[in-house]
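# Commentary on secondary and tertiary structure
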Number of protein chains: 2
Amino acid sequence: MQELFDFKLPFDAALEARIDHELAHKTMPLGALGQLMPLARQLALLHAGDYSARPSTQADAAIIVFAADHGLALEPISAYPRSVTWQMVENFLAGGAAINVFARSHAIELLVVDAGVDHDFGERAGLISRKIAFGTANCLHTPAMPPSQVHQALHEGARCVDLLLERTAVQWIGFGEMGIGNTSIASLMLATLLHQPIDTLVGRGTGVNDQQLEVKQAILQAVIAKHAASFEIQASSPARERALHVASLIGGFEIVMMSGAMLRAAQMRKAVVVDGFISTCAAVLACELNPQARVAMVFAHRSAEQGHRIALGHLMATPLLDLGLRLGEGTGAALAIPLLRSAQAMLRDMASFESAAVSGALLP
Amino acid sequence: MQELFDFKLPFDAALEARIDHELAHKTMPLGALGQLMPLARQLALLHAGDYSARPSTQADAAIIVFAADHGLALEPISAYPRSVTWQMVENFLAGGAAINVFARSHAIELLVVDAGVDHDFGERAGLISRKIAFGTANCLHTPAMPPSQVHQALHEGARCVDLLLERTAVQWIGFGEMGIGNTSIASLMLATLLHQPIDTLVGRGTGVNDQQLEVKQAILQAVIAKHAASFEIQASSPARERALHVASLIGGFEIVMMSGAMLRAAQMRKAVVVDGFISTCAAVLACELNPQARVAMVFAHRSAEQGHRIALGHLMATPLLDLGLRLGEGTGAALAIPLLRSAQAMLRDMASFESAAVSGALLP
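Computed from a predicted model, the values in this text were never measured in an experiment.

## Considerations on the overall build of chain A
Counting its secondary structure elements, chain A contains 15 helices and six strands. Relative to the compact-globule value of 21 Å for 364 residues, chain A shows a C-alpha radius of gyration of 21 Å, a close match. In terms of overall dimensions, chain A has C-alpha extents of about 70 × 45 × 40 Å along its principal axes. Evaluated residue by residue, chain A yields a buried proportion of 63% over its 364 residues. The long-range share in chain A, meaning contacts at least 24 apart out of those at least 6 apart in sequence, stands at 76%.

## Quick word on the packing of helix α14 (residues 331-349) of chain A against helix α14 (residues 331-349) of chain B
The N-to-C vectors of α14(A) and α14(B) enclose an angle of 155°; their axes lie 9 Å apart at closest approach. On the basis of their axis angle, the class for α14(A) and α14(B) is roughly antiparallel. Relative to α14(B), the crossing made by α14(A) is right-handed. Every residue of α14(B) that contacts α14(A) at A:Leu335, A:Pro338, A:Leu339 and A:Ser342 is listed here: B:Leu335, B:Pro338, B:Leu339 and B:Ser342. When grouped by side-chain class, the residues that make up the contact of α14(A) with α14(B) number six nonpolar, two polar and no charged.

## Digging into the relation of the copies chain A and chain B
Structural alignment of chain A on chain B gives an RMSD of 0.0 Å, achieved by rotating through 180° and translating 0.0 Å along the axis. This pairing of chains is accounted for by a two-fold axis. Interface residue correspondence from chain A to chain B reaches 100%, placing this contact among same-surface, isologous pairings.

## Describing the sheet that holds strand β4 (residues 172-178) of chain A
Residues and elements named next belong to chain A. A sheet is described by the order of its strands in space; here six strands give the open sequence β3-β2-β1-β4-β5-β6, paired in parallel fashion. Edge positions in the sheet fall to β3 (127-129) and β6 (297-299), since each has one partner strand and no second. Here the strands of the sheet are splayed against their neighbours by 30° on average, with no regard to which way each runs. In the sheet, β4 pairs with strand β5 (residues 271-274) via four bridges, with the strands oriented parallel.

## Quick look at helix α12 (residues 277-289) of chain A
Residues that lie three or four places apart on an α-helix share one face, since the helix turns once every 3.6 residues. Between its first and last C-alpha, α12(A) extends 19 Å over 13 residues, near the 18 Å set by a 1.5 Å rise per residue. Burial of α12(A) is extensive: 13 of the 13 residues sit out of reach of the surface.

## Examining the pattern of salt bridges
One pass over the full model with this rule turns up 32 salt bridges over all chains. As a salt-bridge pair, A:Lys131 and A:Asp114 come within 2.8 Å of each other at their nearest N and O atoms. Of the two residues, A:Lys131 sits in the loop between β3 and α6 (147-167) while A:Asp114 sits in strand β2 (residues 109-116), which places them 17 residues apart along the sequence. By relative accessible area, A:Asp114 is classed as buried at 2%. B:Arg159 is paired through a salt bridge with B:Glu156; the nearest N and O atoms lie 3.8 Å apart. Placement of the pair is B:Arg159 and B:Glu156 together in helix α6 (residues 147-167), with a separation of three residues, close to one helical turn. On the accessibility criterion, B:Glu156 (13% relative accessible area) is buried.

## Let's talk about the interface of chain A and chain B
How big an interface is tends to be stated in terms of accessible area lost as the parts join. Taken together, the 58 residues of chain A in the interface contact 58 residues of chain B. In this assembly, chain A packs against chain B so that about 4500 Å² is buried in total across both faces, 65% of it on carbon and sulfur atoms. Taken together, the links from chain A to chain B amount to zero salt bridges. Applying the counting rule to chain A against chain B returns 14 residue pairs in polar contact (both at pLDDT 80 or more).

## Thoughts on the packing of aromatic side chains
Scanning all chains against the criterion turns up zero aromatic pairs over all chains. In this structure, A:Lys131 is placed above the aromatic ring of A:Phe134, and the distance from its NZ or CZ to the ring centre is 4.5 Å.

## Quick look at the confidence of the model for chain A
In the predicted model, chain A carries a mean pLDDT of 91, and the fraction of residues at 70 or more is 96%. In the model of chain A, helix α15 (residues 353-356) of chain A stands out as the element of lowest mean pLDDT, 85, in contrast to strand β1 (residues 61-68) of chain A, which has the highest, 98.

Cut-offs used in this document
- Residues numbered from 1 in each chain as written.
- Chains lettered and ligands numbered in written order.
- Predicted model: local features only at pLDDT ≥ 70, side-chain atom pairs only at ≥ 80, totals over all residues.
- Heavy atoms only, no water.
- Helix = DSSP H or I, 4+ residues; strand = E, 2+ residues; numbered from the N terminus.
- Rg over C-alpha atoms; globule rule 2.2 N^0.38 Å.
- Buried < 20%, exposed > 50% of the residue type's maximum accessible area, 1.4 Å probe, protein only.
- Contact = heavy atoms within 4.5 Å.
- Axes fitted to C-alpha atoms, helices over the stretch in contact; angles between N-to-C directions.
- Parallel < 35°, antiparallel > 145°, perpendicular 65-115°, else oblique.
- Left-handed = near helix turned anticlockwise from the far one by under 90°.
- Nonpolar A, V, L, I, M, F, W, Y, C, P; charged D, E, K, R; others polar.
- Least-squares fit on C-alpha atoms with pLDDT ≥ 70 in both.
- Pairing = 2+ DSSP bridges.
- Expected span 1.5 Å × (residues − 1).
- Salt bridge = Lys/Arg side-chain N within 4 Å of Asp/Glu carboxyl O.
- Buried area = accessible area lost by both parts, 1.4 Å probe.
- Polar contact = N/O pair within 3.5 Å; in protein donor to acceptor, adjacent residues only side chain to side chain.
- Phe/Tyr/Trp six-rings, centres within 6.5 Å; stacked < 30°, edge-to-face > 60°.
- Lys NZ or Arg CZ within 6 Å of the ring centre and 35° of its normal.
- pLDDT = per-residue confidence, 0-100.

This is the structure in structure tokens:
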């Protein structure tokens, strides 16, 4: 597991120069494709210059959805009952959820992982069982999970990526989640990881009204108060140690497992396509554990959840889409993957001014 | 041709209620897919409830690129020589431009139309020749085209859509363009159509620097001054008459032809996927000629061109993407078409809470 924390992605100055040269000579004014230009560059550098793969000949993208339950969801923090977590996992397996539809419409492979749902699914085709426990403990009263489970979740996340890469040579891996109450968990984790007041990070989550929002805010403040002394002791620890501590206190099996998966994906030079608020929380955690992971991250969209802006700002991330999505499941990642394909195809296939015999700009 | 100006898209209240019911019962919190929800609704209403088509079994989308030259481009308004228009058409035919790459990467059919390029292409496979003339006249000195050519361009545009629909049953038609100097032409057309000072609508176009921008602004002000008296006489005319007059004075064969094509596409209940600034100018012109066309329009992206915001605001349009693109060619439309596919697939294939046996929201 230490390798997940310590890997480095070697920088290739010659490759970078070659890519910049290629981009600068495409038949368009410099930068005319806006955000697609740095995206193409990032992907090409990440894949170490191998941008020859064509989506028509092989599966190029997958999305892994991690599902889990939260002890804190026994408190009234969500508009939905906790049973919706396993019911939605069933919906994923039956192919009827939004993420199934989007994955199918863009030929993206979908993996569903039980990271710790409070339900016995038995042996199920299409479900990858990596259950750490039947939900975390309630962090309003106790740490969400012992440190050993943090390590287990990170390790199992990395193994999910290994499993995927044994089966198919994808270049881009999107990360989604399902877990009733996990917007609250993500808010709490980000508040402690980024030293922000919890209020600035609490939003409506999925379908919470005004009155429910007040109740939710009070509960989250109580969680922060409960663990305040413990956070304070840790404040001067190294980032990695502090991040592992936050993961243990606040938890979220799906979030921690996703961080492990993101670290492995980055280590394997796969693009990590970060979805919405929860997925960005996992991205922040992954970057605290190993900042090298940031190099591999592409941010799919800016969600309607207010804490998302803060988390994106912390990572200096400019998301590709801003469609007011607030669903999770990896839906934003699925919608963004066609843009990754376009960016790579542009770098790979677009003519240069020379090759197409098009006159360049008249310089003044 | 009168039919292009007078068609109405019948409104079906029962269908609308059915679509709203279906959307409200999908397995997600109401509105959780943000801008994709109204998009799915618009597409379903436009296609009169037929949202069964699957991209895998048939070509569902095409992009038509209209190319033409402008008399005004003999003045120093562009960073590129006028010959780039025909050279880029050659690049389209060879498959090396950005729009070729994006169309291929998303299985979108691409049609290239010579609306009035100042070049003799001869008979060319893959080029649809609808040349009105070898470029417009220079509107700094004279009207860009006689009224008869405005009608001819609108008519030929409509015929291009007929041609496309004879060949393939697409649902979505994107509109792109190529024409050195056409950002200036679009600025001039929008200034007069929307009664805005020209300065607010003039941007850098494609690759213009500070010094060139000043020169460009002075030239465009001179064009406005030249035709001021004529615009004033027309100010009290009906919108349609005024729009035809503006098209004649300022011109743009590719822009006027695109408007005709947009009108026919809307008439045939195809989604009109509007690209960037120039394409939005054609959309404004089309809506002045027949406001019903607006119903069919989907706006692909907000371009970096400053006048684009004004034109989008006028049409009350919320674009899907905001990626800083400023290339034209229909590139933004090509990047947005996967989102249309997703929106339609969501409405068509996503489970309802009932069908998936997922608990709905707990109401307070």
